[in-house]
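Structural description and commentary
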Amino acid sequence: MKLEKIGHGIWEIPVSEKQGMRVPARILSSDSLIQSLDQGVINQITNVATLPGIVRHALCMPDGHWGYGFPIGGVAAFDPDDGIISPGGIGFDINCGIRLLRTNITLDEAAPKMKELMDELFKAVPCGVGSKGLIRLDEKELKKALVDGVDWCMNQGYGSPGDPERIEEGGHIKGANPDNVSPKALKRGLQQLGTLGSGNHFLEIQVVKPNNVYDAESAAVFGLDRPNQITVMLHCGSRGFGHQIGTDYLQIFGKAMRKYGISTDDRELACAPFTSPEGQEYFSAMKCAANSAFANRQVITHRIRQAFATVFGKSDNELGMNVVYDVAHNIAKLENHNVDGRDRKILVHRKGATRAFGPGQKELPEIYRHVGQPVIVGGSMETGSFLLVGTDRAMHETFGSTLHGAGRTLSRSKAKKMVRGSELLKKMQGNGIVVRAASMAGLAEEAGLAYKNIVEVVEAVKDVGISRPVAQMLPIGCIKG
Amino acid sequence: MGYSYKYLPDIVIADVAFVAYGDTPAEMFRAAALATTAVMVKLEDIHLVVRREMTIRAANLEDLLYQWLSELVYVKDLENLIFSEFDISITRDKNGQQLTATVGGEEIDPHRYELGQDVKAVTYHLFEIKEVNGRYEARVVLDI
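Residues numbered from 1 in each chain as written. Chains lettered and ligands numbered in written order. Predicted model: local features only at pLDDT ≥ 70, side-chain atom pairs only at ≥ 80, totals over all residues. Heavy atoms only, no water.

1. Overview of the overall build of chain A
Counting secondary structure elements, chain A contains 16 helices and 19 strands. Taking 481 residues into account, the globule formula puts the C-alpha radius of gyration at 23 Å, and chain A, at 21 Å, falls close to it. In terms of principal-axis extent, the alpha carbons of chain A reach across some 60 × 50 × 50 Å. Across the 481 residues in chain A, those meeting the buried criterion constitute 67%. Intrachain contacts of chain A at a sequence separation of at least 6 include 77% that bridge at least 24 residues. For chain A, the computed accessible surface area is about 16,100 Å², with 48% contributed by carbon and sulfur atoms. (Helix = DSSP H or I, 4+ residues; strand = E, 2+ residues; numbered from the N terminus. Rg over C-alpha atoms; globule rule 2.2 N^0.38 Å. Buried < 20%, exposed > 50% of the residue type's maximum accessible area, 1.4 Å probe, protein only. Contact = heavy atoms within 4.5 Å. Areas by Shrake-Rupley, 256 points an atom, 1.4 Å probe, with all protein chains shown as cover.)

Below, the structure written as C-alpha cells:
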C-alpha cells in the first residue's frame with residue numbers, strides 16, 4: 001500500500017488504497033522506525049479506517065505493532081450519533097494502564113535495602129498465574145467498586161487524599177452499570193483486586209538521575225524534585241473481570257454486526273452502533289472494567305506504601321509517596337475535541353495509546369493544568385521508562401493521544417529462543433536491577449531485546465510534537481508476574 | 001496419531017498463537033485445551049486430584065471451540081483449577097453443537113509449578129477451523 005510522507009513524522013495511507021476506507025490512515029513515526037514497520041500494522045489500521053462514523057483519520061502511534069482488531073498503538077475517534085464502538089479498539093484488558101508514584105527516598109537510602117524491599121513488595125502484590133488478591137469482596141461490595149472506582153477505595157481507606165485528582169478521570173468514570181456485566185465476569189472479578197497479573201505487567205522501583213531530567217520545571221510540578229529520586233511504576237489492568245467482559249461482548253457484537261448490517265475483514269473488529277442497545281451496554285460494562293482497573297492500581301498502591309513504610313521505617317509524610325499520575329491505555333471515552341475548527345463530542349478509542357492532553361485542558365487537575373497532562377510510558381524492564389507531558393499539537397493531530405510503551409518487535413517465542421530467563425535474571429542483577437519473577441519463561445519473553453529502543457520511540461513523539469519528554473526513570477528493582 | 005499441537009512463532013508479536021490438530025473434532029478440542037494450558041503451566045506438573053464434568057453448547061464448531069477454551073480460562077481464574085486430562089465428546093443436532101467433557105486436574109500450586117504466562121482471553125483473531133485430508137485443524141490466538 002502507498003505510504004506517503006505528508007509532514008514531519010507523519011505518513012498517510014490514502015482512502016484509495018483499500019476498498020471501504022472512509023478516511024485516510026496515518027502512522028506517526030520517524031524515518032528510521034518507519035523502515036521496520038510491520039505490514040500487519042498497515043493492514044489493521046486501514047481496516048479501522050473502514051469503520052462507520054470514523055472521524056478525520058485512523059491513527060497509529062510510533063510504538064505501534066500488529067495486534068488483533070486494531071493495531072497496538074491504534075487511536076480512532078467516532079461520531080457518537082452515527083458511529084460505532086468496537087471492543088477490538090480497546091482490547092480484552094480494559095483500562096490496562098500505568099501509574100507512577102514519587103517518593104522522598106533517594107538512591108543512597110534505597111540501595112542497601114533493595115533486596116528487602118523487593119521481597120516485601122513481592123509478598124504485598126500477588127502476581128503470576130493463579131494468584132489471588134489479598135482483599136476478598138462479596139458481589140455487593142464488588143459492584144460498589146465497579147461503580148465508584150477509586151472513590152470506593154478511598155472510602156475503604158486504600159488511599160491518600162491527593163490520589164484521585166492525579167488519576168485520569170479521577171479514577172471514577174461515571175455511568176458504569178454492573179447490570180450490563182455478566183454473572184461470570186462478576187465472579188471472575190471477586191478475588192483479583194490488588195493483583196498484578198502476568199505478561200507485560202510489572203511493578204518497578206526506579207531512579208531518576210539528574211542527567212535524565214529533560215525539563216526540570218515540569219518535573220518539579222509532577223513531584224520529581226530531587227537528585228537520584230526513587231519512583232515506583234506499576235503496569236496492570238482490569239484482570240479477569242475486564243477480560244471476561246471483552247470475551248462476553250465479542251460474542252454479543254458478532255451477532256449485533258449481522259443485526260445492523262455491518263461487516264469487517266477481521267472478527268476482532270466486531271462493532272455495533274454506539275447508540276444501539278448493544279453499544280450502550282458494552283460502553284457501560286467497559287466503564288465498570290475501567291473503574292475496576294483504577295481500583296486495582298489504587299489497592300496495589302496502598303500495598304506498596306505499606307511495604308515502603310515497613311522497610312524504611314518511615315511515616316507516610318516522610319515517604320512522600322504521592323501519585324504522579326495514572327493513565328489508561330486501553331479504553332474508549334467520550335471527549336470534546338476541536339475537529340476541523342468545530343467543537344465536537346467524539347468517542348475516542350485508544351488501544352495501546354495514552355491520552356496526552358496539552359496545557360489548559362479542563363479535564364486536567366488544577367495542579368497540572370498549566371503544564372499539561374503527565375504521560376507515563378513504560379519501557380522494557382531492562383531499558384527504563386519515561387515521563388512525558390501532553391502538548392497542544394497532540395490536541396490538533398492525534399485527538400490528544402500519544403504512545404504507551406516501547407513497542408514489541410520480537411514475538412514471545414522468538415524472545416524465549418534468544419534468551420533464557422535464568423541468564424537474563426543474572427544479567428539484570430549484574431546491572432544493578434533486583435528481580436523477583438513468578439515465571440522464568442515469562443521473564444525471558446519480556447527481555448529488552450524483544451522491544452524497540454524506547455529512546456528512539458520517545459524521540460519520534462517529541463519530533464512530531466505530540467508530547468515532550470520530562471524525565472527518564474531507570475529500573476533498579478523489578479517484579480514480573 | 002490422535003492429536004497434537006504446535007505454537008506459531010511468527011503470526012503474533014505480543015500474544016501466543018497455536019495450531020491444534022486432531023483425527024476428530026473432539027481430539028482437536030483436546031489438543032487446543034492442552035496448548036492453552038501449556039502456555040500457563042508445565043503440563044507434567046499437574047496432578048490429577050479433581051475431576052469435573054463440563055457441558056458447552058454453541059451454534060457452530062468455531063463458537064464451540066472459542067467457548068470451550070474461554071471456559072478453561074474462566075475456571076482457572078474463578079477456582080484456580082487447571083487441567084491436563086480431557087475426555088471429550090462432541091455431538092451435533094439441529095440446534096448446533098454440544099461438547100461434553102470430563103476433565104482432570106487440580107488447583108494451581110505456584111510453589112510447586114513451573115509457571116508460564118497467564119492467558120487473558122481467547123481471541124477471534126485469525127481464528128480458523130478446517131478439515132485437511134480427514135484431519136481437523138484449528139488456529140487460535142490467545143491474548144497474553
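2. A few points about unusual backbone geometry
At R56 of chain A, a position not held by glycine, the phi torsion is positive, near 65 degrees. The topology assignment puts R56 of chain A in the loop between α1 (39-48) and β4 (58-65). Judged by its relative accessible area of 22%, R56 of chain A is partly exposed. Even without glycine at this site, L126 of chain B takes up a positive phi of about 55 degrees. With respect to the element layout, L126 of chain B can be found in the loop between β6 (121-122) and β7 (128-132). Residue class for L126 of chain B comes out partly exposed when judged on its relative accessible area of 27%.

3. What about the nonpolar core?
Grouped together as the largest cluster of nonpolar side chains are 121 residues, with contacts concentrated most on I245 of chain A together with L65 and W68 of chain B. For I245 of chain A, the residues in contact, after removing those within four places along its chain, are I94, V181, A185, Y282, A285 and A289 of chain A. Listed in part, the 32 residues of the second largest apolar core include I10, A77, A356 and A450 of chain A. (Core = buried A, V, L, I, M, F, W, Y, C linked by side-chain atoms within 4.5 Å.)

4. Considerations on the interface of chain A and chain B
Residue-level contacts link 41 residues of chain A with 37 residues of chain B. Across the interface of chain A and chain B, roughly 3,400 Å² is buried in total on both sides, 53% from carbon and sulfur atoms. Looking only at chain A, the three residues that lose the most surface to chain B are W66, V129 and R267 of chain A, adding up to 20% of its buried area. Our enumeration of links across chain A and chain B arrives at six salt bridges. (Buried area = accessible area lost by both parts, 1.4 Å probe. Salt bridge = Lys/Arg side-chain N within 4 Å of Asp/Glu carboxyl O.)

5. Some thoughts on the sheet that holds strand β12 (residues 330-339) of chain A
Residue and element names in this part refer to chain A. Across the sheet, seven strands lie side by side as β1-β2-β3-β4-β5-β13-β12; this open sheet has mixed pairing. Two strands in the sheet have a free side with no partner beyond their single neighbour: β1 (4-7) and β12. Sheet twist, expressed as the average angle between the axes of neighbouring strands with direction ignored, equals 30 degrees. When strand β3 (residues 25-28) meets β4, the two strands line up parallel, connected through three bridges. Bridge pairing in β4 links A25 to A58. Relative to β4, α1 is tilted by about 155 degrees, and along the sheet it contacts β2 (10-13), β3, β4 and β5 (72-78). (Pairing = 2+ DSSP bridges. Axes fitted to C-alpha atoms, helices over the stretch in contact; angles between N-to-C directions.)

6. Points about the sheet that holds strand β3 (residues 50-58) of chain B
Residue and element names in this part refer to chain B. Spatially, the three strands line up as an open sheet ordered β3-β5-β4, and their pairing is antiparallel. Looking along the sheet, the strands with just one partner apiece sit at the ends: β3 and β4 (81-93). When the angles between neighbouring strand axes are averaged without regard to direction, this sheet yields 20 degrees. Judged from the twelve bridges that link them, β4 and strand β5 (residues 96-107) form a sheet pairing that is antiparallel. Within β5, the position partnered with S89 by the bridge is T100. The strands touched by helix α1 (residues 25-40) are β4 and β5; relative to β4, the strand with the most contacts, the crossing angle is about 155 degrees. Taken strand by strand, helix α2 (residues 61-79) contacts β3, β4 and β5, and its axis lies near 145 degrees from that of β3.

7. Things to note about helix α3 (residues 114-124) of chain A
Residue and element names in this part refer to chain A. For α3, the set of buried residues is M114, L117, M118, L121 and A124. Looking down the long axis of α3, one finds its buried residues gathered within 125 degrees of arc, a one-sided arrangement. Opposite the packed face of α3, turned more than 90 degrees from it, sit the exposed residues K115 and K123. Contacts from the buried residues of α3 go to α2 (107-110), β8 (202-208), α9 (277-312), β18 (434-437) and β19 (467-480). (Arc of directions from axis to C-beta.)

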